[in-house]
Amino acid sequence: SQTIHQWPATLVQPVGSPLSLECTVEGTSNPNLYWYRQAAGRGLQLLFYSVGIGQISSEVPQNLSASRPQDRQFILSSKKLLLSDSGFYLCAWSKVGVRVSKLFFGSGTQLSVL
Amino acid sequence: AQSVAQPEDQVNVAEGNPLTVKCTYSVSGNPYLFWYVQYPNRGLQFLLKYITGDNLVKGSYGFEAEFNKSQTSFHLKKPSALVSDSALYFCAVRDARKKDSNYQLIWGAGTKLIIKP
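The notes below deal with the structure included here. Going along each chain's sequence as written, the residues are numbered from 1 onward. For this description, chains carry letters from A and ligands carry numbers from 1, given in the order in which they are written. Under the rules for a predicted model, residues below a pLDDT of 70 receive no local features and side-chain atom pairs below 80 are neither given nor counted, while totals for whole chains, interfaces and linings still include all residues. Note that water and hydrogens are dropped before the side-chain values are worked out from all heavy atoms of the structure.

1. Quick look at the overall build of chain A
Argument step 1. The secondary structure listing takes helices from DSSP runs of H or I that are at least 4 residues long and strands from runs of E that are at least 2 residues long, numbered from the N terminus. Within chain A one finds 0 helices and 11 strands.
Argument step 2. Helices (α) and strands (β) of chain A occur, in sequence order from the N terminus, as β-β-β-β-β-β-β-β-β-β-β.
Argument step 3. The buried share of chain A, reckoned over its 114 residues, is 46%.
Argument step 4. Once local pairs closer than 6 in sequence are excluded, the contacts in chain A between residues at least 24 apart make up 55%.
Argument step 5. Element-wise, carbon and sulfur atoms account for 54% of the exposed surface of chain A, whose accessible area totals about 5,200 Å².
Argument step 6. Charge assignment: positive for Lys and Arg, negative for Asp and Glu; neither His nor the chain ends contribute. In this description, the location of a charge corresponds to atom NZ of lysine, CZ of arginine, CG of aspartate or CD of glutamate. In chain A, 9 positive and 5 negative side-chain charges are present, and the distance between their average locations comes to 6 Å. For the exposure calls, accessible area comes from a 1.4 Å probe over protein chains only, and a residue counts as buried if that area is under 20% of its type's maximum, exposed if over 50%, partly exposed in between. Note on contacts: a residue pair is in contact if any heavy atoms of the two residues lie within 4.5 Å. Areas reported as accessible are Shrake-Rupley estimates using a 1.4 Å probe. Residue values count occlusion only from the protein chains shown.

2. Brief notes about the interface of chain A and chain B
Argument step 1. Between chain A and chain B, the contact holds 23 residues from the first and 25 residues from the second.
Argument step 2. When two parts are brought into contact, each loses some accessible area as probed by a 1.4 Å sphere; the total of that loss over both is the buried area. Here chain A meets chain B over a buried area of about 2,000 Å², counting both sides, of which 52% is carbon and sulfur.
Argument step 3. Contact with chain B buries area across many residues of chain A, yet Arg42(A), Arg99(A) and Val100(A) alone supply 34% of it, more than any other trio.
Argument step 4. Here, a salt bridge means any Lys or Arg side-chain nitrogen found within 4 Å of an Asp or Glu carboxyl oxygen. Between chain A and chain B we count 0 salt bridges in total.
Argument step 5. Sorting the residues of the side of chain A that touches chain B by element identifies strand S4 (32-38), strand S5 (44-52) and strand S9 (87-94) of chain A as the ones contributing at least two each.
Argument step 6. The residue makeup of the side of chain A that touches chain B, split by class, is 11 nonpolar, 8 polar and 4 charged. Residues are grouped as follows: Ala, Val, Leu, Ile, Met, Phe, Trp, Tyr, Cys and Pro are nonpolar; Asp, Glu, Lys and Arg are charged; every other residue, Gly included, is polar.

Structure representation (C-alpha cells):
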C-alpha cells in the first residue's frame, strides 16, 4: 500500500534562518507531488506541484522554493524565513494516469517563525 | 471565474442528529467535486467525489453528498452525527474538461463541524 511521510511534525525557526521540509512517498512510482500551505487552520493554498523529477511548477511567488531530486521525494526550502512563512505545510501526492484521482496528504508540518 | 463557497464557517449539531455541510461551486464546464476532512493537526483525508452519474454519492465514515446541477451545490450529509465527526471539512471542485489536474483544484475555505454529545 502507498504511504506518505512528512517531517518534521513541528518546527520553530528564527526569522532569517533556512528551511528544509521533506516529503517522501512509498508504494507507488512517478506520482504527482504537491506542497500546500494552510494558514490559521483554514483555507489551502497550493504552493508548488511536480509531475516528474526536476519538474517544479510554482503557483504563488514567495520566499519558498521546491525541489524533486528523486521520483518520490519532494522538498520545500527557503534560504531566509520570514514571519509570514509561518503556517501548516502539507505535502500530498496523486496517481498519474487516473482520470479523476484523489489527493493523499501527509500529516503536515506546523512551522512557527519567530 | 471558478470558485467554491462554503457559506458556513462553523456548523453545530447534536450527536445523533442529521448533519449537512454546504458547498456551492462555479465552474465553466461540468464539475468534478470532492469532499475532504481534516482532523486537528493532521493532513486532509479524502471522503468522496462526484464524477458523473448518480447524483447521490456515498463515501467514507457514513457520509454522502448530493450533487445538484441546477443549484450548483454539493452538500455533504450524514443521517446521524457522531462526536468523532467533529473536524474541518473542505469542498473542492475542478473543471471536468481538463485532464487529471489536481493542481487546478479550487478549494473552499472549510467548515468546522462540531458535534456535541
